[in-house]
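Single-letter residue listing:
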Number of protein chains: 2
Amino acid sequence: MEALRCLPCVGPKSAQRMAFHLLERNREGGRRLASVMAQAMEKIGHCQRCRTLSETDLCRLCINPNRNDAQLCIVETPADVVILERVTDYRGRYFVLGGHLSPLDGIGPRELGLDLLDKLLSEGHVQEMILAVNPTVEGEATSHYISEMGKERAIQVTRIAHGVPLGGELEYVDGGTLSHAFADRRVL
Amino acid sequence: MEALRCLPCVGPKSAQRMAFHLLERNREGGRRLASVMAQAMEKIGHCQRCRTLSETDLCRLCINPNRNDAQLCIVETPADVVILERVTDYRGRYFVLGGHLSPLDGIGPRELGLDLLDKLLSEGHVQEMILAVNPTVEGEATSHYISEMGKERAIQVTRIAHGVPLGGELEYVDGGTLSHAFADRRVL
């Protein structure tokens with residue numbers, strides 16, 4: 001139970017329920033999970049190019065010759081790569097920061113792999129850098145820092161749109177988002 | 001209790017709690033609420049120009065000579081006017097639809113006051129019509145209808161930005177919004 005607590009959103013009660021469930025009703029599943037988890041912990045590292053999670057030195061997206069080298073999408077987490085691949089028809093490359101700038105927690109440009117990003121940009125293939133970093137305060141600061149890196153190399157820097165979520169109602173959107181969405185209105 | 005059920009989000013339990021609370025602990029408040037509510041129900045009507053809720057024939061925003069006649073913001077509800085006034089520095093006029101097109105519920109152009117909107121546009125003051133209708137399916141259909149009305153009169157039609165809410169995380173945003181936000185990215 002103590003060990004299960006390392007899972008996100010699992011408190012003492014959930015941990016107890018999980019433990020008893022596995023012990024009493026699904027030992028086979030528990031064995032398999034333990035084994036797969038042990039393997040995953042040892043074998044899955046980070047892609048040496050884009051820093052996403054990968055079992056190999058270079059991930060599948062990085063070695064895919066059909067992806068467009070001219071576009072580079074910057075995200076915070078490997079989960080963001082997965083979801084963007086699912087919902088968009090983007091065919092460029094990615095770079096995973098693994099978080100956002102947070103000096104108080106000791107997370108600076110080095111921890112986000114920005115030296116690696118700089119090396120990647122210096123290759124000269126990238127023409128558009130798309131910032132898909134979370135629009136939080138820390139994410140904005142990170143975006144700003146990275147956009148300056150792009151501008152120094154005369155790379156076009158774009159940012160995914162921020163505004164009212166589709167299907168949302170104005171009344172339930174926070175003031176900051178609504179104010180931004182209003183100011184950032186588009187010609188139809 | 002039965003009568004309290006007409007309030008939004010009030011089910012049988014809430015209604016019972018409210019009723020007992022007023023009866024046992026705050027009769028004075030209950031009396032005042034009953035009186036204010038009765039007055040409001042009788043006295044508050046709709047502005048004859050913009051259709052928002054108003055005690056007078058023309059609302060305060062419509063009679064304010066300092067507002068800009070060249071901009072007209074289209075919203076679904078009077079609550080949207082209140083929130084936009086609070087979070088933006090918009091100084092133009094409003095027009096309140098009172099809902100969105102919904103043929104199955106018998107809500108067509110007439111019910112949304114689009115004849116009144118047409119008359120307002122025909123005065124020739126409006127140069128930009130800002131659509132701040134909810135980005136739901138019905139809202140989009142309504143936006144489309146109204147944008148055609150604007151285009152016929154060569155009025156610029158804009159729409160508030162849709163995308164990832166500020167402070168939100170990509171992982172928790174629905175696929176449709178994220179896909180739209182990606183496609184609609186902005187040059188920084």
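Scroll up for the structure.
As a starting point, this report considers the structure included with it. Bear in mind that the values here come from a model prediction, so they are computed numbers and not experimental data.

## Focus on the pairing of strand β4 (residues 92-96) of chain B
On any regular strand, side chains alternate: one points to one face of the sheet, the next to the other face.
Residue and element names in this part refer to chain B.
(1) Moving on: With 5 of 5 residues buried, β4 is to be regarded as a mostly interior element.
(2) Moving on: Here strand β3 (residues 68-75) runs beside β4; their pairing, made up of 5 bridges, is parallel. Note on β4: the bridge partner recorded for Ile 74 is Phe 95.
(3) Moving on: Considered for its hand, the β-α-β crossover made up of β3, helix α4 (residues 78-87) and β4 is right-handed.

## Examining the interface of chain B and chain A
(1) Moving on: At the junction of the two partners, chain B supplies 50 residues and chain A supplies 50 residues.
(2) Moving on: Counting the surface chain B buries against chain A, the share from its top three residues, B:Phe182, B:Arg186 and B:Leu188, is 17%.
(3) Moving on: Where chain B meets chain A, there are 4 salt bridges.
(4) Moving on: In this structure, B:Glu128 engages A:Arg185 in a salt bridge whose closest nitrogen and oxygen atoms are separated by 2.5 Å.
(5) Moving on: Between the two partners, chain B and chain A, sit 20 residue pairs in polar contact (both at pLDDT 80 or more).
(6) Moving on: Of all elements in the fold, only β3, α4, β5 (128-131), α6 (137-152), β6 (156-159), α7 (175-183) and β7 (186-187) of chain B reach the threshold of two or more residues within the side of chain B that touches chain A.
(7) Moving on: In terms of residue count, the dominant contributor to the side of chain B that touches chain A is α7(B) (8 residues).

## Here we look at the packing of helix α5 (residues 114-122) of chain B against α6(B)
All names here are of chain B.
(1) Moving on: α6 packs onto α5 with a crossing angle of 30° between their chain directions and a minimal axis gap of 11 Å. Comparing their axes, α6 and α5 come out roughly parallel. Helix-helix and strand crossings are classified by hand; for α5 and α6 the assignment is right-handed. In contact with Leu 114, Leu 117, Asp 118 and Leu 121 of α5, α6 contributes Tyr 145, Ile 146 and Met 149.
(2) Moving on: Grouping the constituent residues of the contact of α5 with α6 by class yields 6 nonpolar, no polar and 1 charged.

## Comments concerning the environment of A:Leu7
(1) Moving on: When you line up the elements, A:Leu7 lands in the segment before α1 (12-25).
(2) Moving on: Sequence separation of A:Leu7 and A:Gly108 is 101 residues, and the distance between their C-alpha atoms is 26 Å.

## Some points on the relation of the copies chain B and chain A
(1) Moving on: Turning chain B through 180° and shifting it by 0.2 Å along the axis lays it on chain A, with an RMSD of 0.2 Å. Between the two chains, the operation in question is that of a two-fold axis. Considering only C-alpha atoms, the part of chain B nearest the rotation axis is B:Gly163, at 2.1 Å.
(2) Moving on: When the interface residues of chain B are mapped onto chain A, 100% of them are again interface residues, pointing to one common binding face.

## Topic: the packing of helix α7 (residues 175-183) of chain A against α4(B)
Each pair of packed helices gets described by two things: the angle between the helix axes and the distance between those axes.
(1) Moving on: Between α7(A) and α4(B), the shortest axis-to-axis distance is 9 Å and the interhelical angle comes to 85°. In terms of axis orientation, α7(A) runs roughly perpendicular to α4(B). Contacts from A:Gly175, A:Leu178, A:Ser179 and A:Phe182 of α7(A) reach α4(B) at B:Ile83, B:Leu84 and B:Val87.
(2) Moving on: Grouping the constituent residues of the contact of α7(A) with α4(B) by class yields 5 nonpolar, 2 polar and no charged.

## Let's talk about helix α5 (residues 114-122) of chain A
All names here are of chain A.
(1) Moving on: Taken together, the buried positions of α5 are Leu 114, Leu 117, Leu 120 and Leu 121. What you see down the axis of α5 is that its buried residues fit within an arc of 110°, all on one side.
(2) Moving on: On its buried face, α5 is in contact with β3 (68-75), β4 (92-96), β5 (128-131) and α6 (137-152).

## Observations regarding a nonpolar patch on the surface
(1) Moving on: The grouping of A:Met1, A:Phe20 and A:Leu23 at the surface amounts to a nonpolar patch, some 290 Å² of accessible area in total.
(2) Moving on: By the element assignment, A:Met1 lies in the segment before α1.

## Quick word on the sheet that holds β5(B)
(1) Moving on: Within the open sheet, the 5 strands sit side by side as β7(A)-β6(B)-β5(B)-β3(B)-β4(B). Their pairing is mixed. Of all the strands in the sheet, the pair left with one neighbour each is β7 (186-187) of chain A together with β4 of chain B.
(2) Moving on: Seen against the sheet, α4(B) touches β3 and β4 of chain B and runs at an angle of roughly 155° to β4(B).

## A look at the packing of aromatic side chains
Remark: the centre distance and the inter-plane angle together describe each pair of aromatic rings, the angle taken between the planes.
(1) Moving on: Summed over the entire model, instances satisfying the criterion amount to 4 aromatic pairs over all chains.
(2) Moving on: Each ring, one from A:Tyr90 and one from A:Tyr94, has its centre 5.2 Å from the other, and the planes form 75°; the classification is edge-to-face.
(3) Moving on: For A:Tyr90, a relative accessible area of 5% translates into the label buried.
(4) Moving on: Each residue in the set A:Tyr90, A:Tyr94 and B:Phe182 is aromatic and connected to the rest through ring pairs, giving one cluster.

What counts as what
All residue numbers here refer to positions counted from 1 along the written sequence of the relevant chain. As a convention, the first chain written is A and the first ligand written is 1, with the rest following in written order. It should be noted that, the model being predicted, local features are given only for residues of pLDDT at least 70 and side-chain atom pairs only at 80 or more, the latter also being counted only at that level, while totals for whole chains, interfaces and linings use all residues. Heavy atoms throughout the structure, all of them, feed into the side-chain values; hydrogens and water do not. Three labels apply to residues, based on accessible area from a 1.4 Å probe with only protein chains included: buried if under 20% of the type maximum, exposed if over 50%, partly exposed otherwise in between. Strands here mean DSSP runs of E at least two residues long; helices mean DSSP runs of H or I at least four residues long; both are numbered from the N terminus. In short, DSSP must find at least two bridges between two strands for them to pair. With strands facing away from the observer, any crossover in which the path from the first strand over the helix to the second runs clockwise is taken as right-handed. For this analysis, residues touch if any pair of their heavy atoms sits within 4.5 Å. Summed over both partners, the accessible area lost on bringing two parts together, with a 1.4 Å probe, is the buried area. Put simply, a salt bridge is a Lys or Arg side-chain nitrogen that is within 4 Å of an Asp or Glu carboxyl oxygen. N or O atoms closer than or at 3.5 Å make up a polar contact, with two conditions inside protein: a donor-capable atom paired with an acceptor-capable one, and, for residues adjacent in sequence, both atoms drawn from side chains. Throughout, an axis means a line fitted to C-alpha atoms (over the contacting stretch in the case of helices), and angles, computed between N-to-C directions, take values from 0 to 180 degrees. In what follows, roughly perpendicular refers to angles from 65 to 115 degrees, roughly parallel to angles under 35, roughly antiparallel to angles over 145, and oblique to any angle outside these ranges. Each crossing gets its handedness from the near helix: less than a right angle anticlockwise from the far helix is left-handed, clockwise is right-handed. Polarity classes work like this: nonpolar for Ala, Val, Leu, Ile, Met, Phe, Trp, Tyr, Cys and Pro, charged for Asp, Glu, Lys and Arg, and polar for all others, with Gly in that last group. Here the copies are matched by least squares. The fit uses the C-alpha atoms of residues with pLDDT of at least 70 in both. Working definition: the arc comes from the directions between the helix axis and the C-beta atoms, pointing outward to the latter. Each patch groups residues whose relative accessible area exceeds 30% and which form no salt bridge, using 9 Å between like charges and 5 Å between nonpolar side chains of Val, Leu, Ile, Met, Phe, Trp and Tyr. Computed with the Shrake-Rupley method and a 1.4 Å probe, the accessible areas treat only the protein chains shown as cover for residues. Two rings from Phe, Tyr or Trp (for Trp, the six-membered ring) form a pair when their centres sit within 6.5 Å of each other. Planes less than 30 degrees apart are called stacked, planes more than 60 degrees apart edge-to-face, and all others tilted.

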